[in-house]
Amino acid sequence: MPIVAMQRAVAISKSKLADSNEGALPETCAIVLQSLLKDIPREEKAFKRIFDEYSTPVSYKQKFLDQNAFLVYYTKGFDGPGRPSIEEDVNSVQTLQYGARNDAWAAMDELFVELEFGKSGDSTSASKEELVALIAKILTPLDAYLSLAPDADVKQALNRVEKR
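Residues numbered from 1 in each chain as written. Predicted model: local features only at pLDDT ≥ 70, side-chain atom pairs only at ≥ 80, totals over all residues. Heavy atoms only, no water.

A. Geometry of the nonpolar core. Membership of the largest hydrophobic core comes to 37 residues, with the highest contact counts inside it found for Val 10, Leu 36, Met 108 and Leu 111. At the level of secondary structure, the elements contributing two or more residues to this core comprise helix H1 (2–19), helix H2 (26–39), helix H3 (44–54), helix H6 (92–119), helix H7 (128–148) and helix H8 (151–163). In terms of residue count, the dominant contributor to this core is H7 (9 residues). Apart from the residues lying within four places of it in its own chain, the contact partners of Leu 36 are Ala 9, Val 10, Ser 13, Met 108, Leu 111, Phe 112 and Leu 115. (Core = buried A, V, L, I, M, F, W, Y, C linked by side-chain atoms within 4.5 Å. Buried < 20%, exposed > 50% of the residue type's maximum accessible area, 1.4 Å probe, protein only. Helix = DSSP H or I, 4+ residues; strand = E, 2+ residues; numbered from the N terminus. Contact = heavy atoms within 4.5 Å.)

B. Examining a nonpolar patch on the surface more closely. A cluster of nonpolar residues, Val 93, Leu 96 and Leu 148, forms a patch on the protein surface that exposes about 220 Å² of accessible area. Tracing the chain through its elements places Val 93 in helix H6. Judged by relative accessible area, Val 93 falls into the partly exposed class, the value being 34%. (Patch = residues over 30% accessible without salt bridge, like charges linked within 9 Å, V, L, I, M, F, W, Y side chains within 5 Å. Areas by Shrake-Rupley, 256 points an atom, 1.4 Å probe, with all protein chains shown as cover. Salt bridge = Lys/Arg side-chain N within 4 Å of Asp/Glu carboxyl O.)

C. Region of the structure containing the environment of Val 161. The topology assignment puts Val 161 in helix H8. Its relative accessible area of 11% is what places Val 161 among the buried residues. Counting along the chain gives 156 residues from Val 161 to Ala 5, while the straight-line C-alpha distance between them is 6.0 Å. Apart from the residues lying within four places of it in its own chain, the contact partners of Val 161 are Val 4, Ala 5 and Arg 8.

D. Summary view of the side chain of Ser 55. With respect to the helices and strands, the residue Ser 55 is situated in the loop between H3 and helix H4 (60–67). You can call Ser 55 buried: its relative accessible area is 9%. For Ser 55, the side chain forms a polar contact with the side chain of Tyr 145, separated by 2.7 Å. When neighbours within four sequence positions are excluded, Ser 55 is seen to be in contact with Gln 97, Tyr 98 and Tyr 145. (Polar contact = N/O pair within 3.5 Å; in protein donor to acceptor, adjacent residues only side chain to side chain.)

E. Here's a closer look at the packing of H1 against H8. Put simply, H1 and H8 touch, their axes get as near as 9 Å, and they point 60 degrees apart. Considered as vectors, H1 and H8 are oriented oblique to each other. The crossing of H1 and H8 is right-handed. Contacts between H1 and H8 involve Val 4, Ala 5 and Arg 8 from the former and Val 154, Ala 157, Leu 158, Val 161 and Glu 162 from the latter. Considered class by class, the residues forming the contact of H1 with H8 number 6 nonpolar, no polar and 2 charged. (Axes fitted to C-alpha atoms, helices over the stretch in contact; angles between N-to-C directions. Parallel < 35°, antiparallel > 145°, perpendicular 65-115°, else oblique. Left-handed = near helix turned anticlockwise from the far one by under 90°. Nonpolar A, V, L, I, M, F, W, Y, C, P; charged D, E, K, R; others polar.)

F. Region of the structure containing H6. Compared with an ideal rise of 1.5 Å per residue, which puts 28 residues at 40 Å, H6 spans 40 Å between its outermost C-alpha atoms and is within 8% of the ideal. Looking at the residues trailing H6, positive phi occurs at Gly 121, about 90 degrees. (Expected span 1.5 Å × (residues − 1).)

G. Molecular detail of the packing of H3 against H6. Remark: H3 packs on H6, axes separated minimally by 10 Å, with the N-to-C direction vectors making an angle of 155 degrees. As far as their axial angle goes, H6 and H3 are roughly antiparallel. H3 and H6 meet at a crossing whose hand is right-handed. Judged by residue contacts, Glu 44, Phe 47, Lys 48, Phe 51, Asp 52 and Tyr 54 of H3 engage Gln 97, Tyr 98, Arg 101, Asn 102, Ala 104, Trp 105 and Met 108 from H6. Residue classes in the contact of H3 with H6 are distributed as 7 nonpolar, 2 polar and 4 charged.

H. Focus on the packing of aromatic side chains. Applying the stated rule across the entire model yields 3 aromatic pairs. Ring centres of Phe 47 and Phe 51 lie 5.1 Å apart, and the angle between their planes is 40 degrees; this geometry places the pair in the tilted category. Of the two residues, Phe 47 and Phe 51 are both situated in helix H3; the distance of 4 residues between them amounts to about one turn of the helix. Judged by centre distance (5.1 Å) and plane angle (50 degrees), the ring pair of Phe 47 and Trp 105 falls under tilted. Of this pair, Phe 47 sits in helix H3 while Trp 105 sits in helix H6, and the two are 58 residues apart along the sequence. Judged by relative accessible area, Phe 47 falls into the buried class, the value being 2%. Accessibility expressed as a relative area gives 9% for Trp 105, which makes it buried. (Phe/Tyr/Trp six-rings, centres within 6.5 Å; stacked < 30°, edge-to-face > 60°.)

Here it is in structure tokens:
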């Protein structure tokens, strides 16, 4: 499960930044960026594809609801007499997984941009504290995503990542 490797790379980067005495110097930004890019793709599609491989796929019912939102809204999910509303039993795990994936990408992209800018040596780049806060912003959705995965899978992935 590459998501565990991502989480570990982000956590290690956070500790590198927090422990550095010099702040967010260009060298520090370059080192952190390089270490993150070993386990985390820079492109959005590649990043999300990793999550999608392990996530619950979008169901036919969810696709129908998304494509017919106007109809579902105005009928209040009516699906015939004696039948439950079509909006009942919507796959909440899938929704949470995709939400965590999107939040993780947004925060990761923001961190990549800050590190790339900081690597250039501009004096207006983010401070060490701001970078650590951005990393914490990434860890929250990664932790949320992994909390939805079976514990056995996460433990097995952790073991594999630690052996590398």
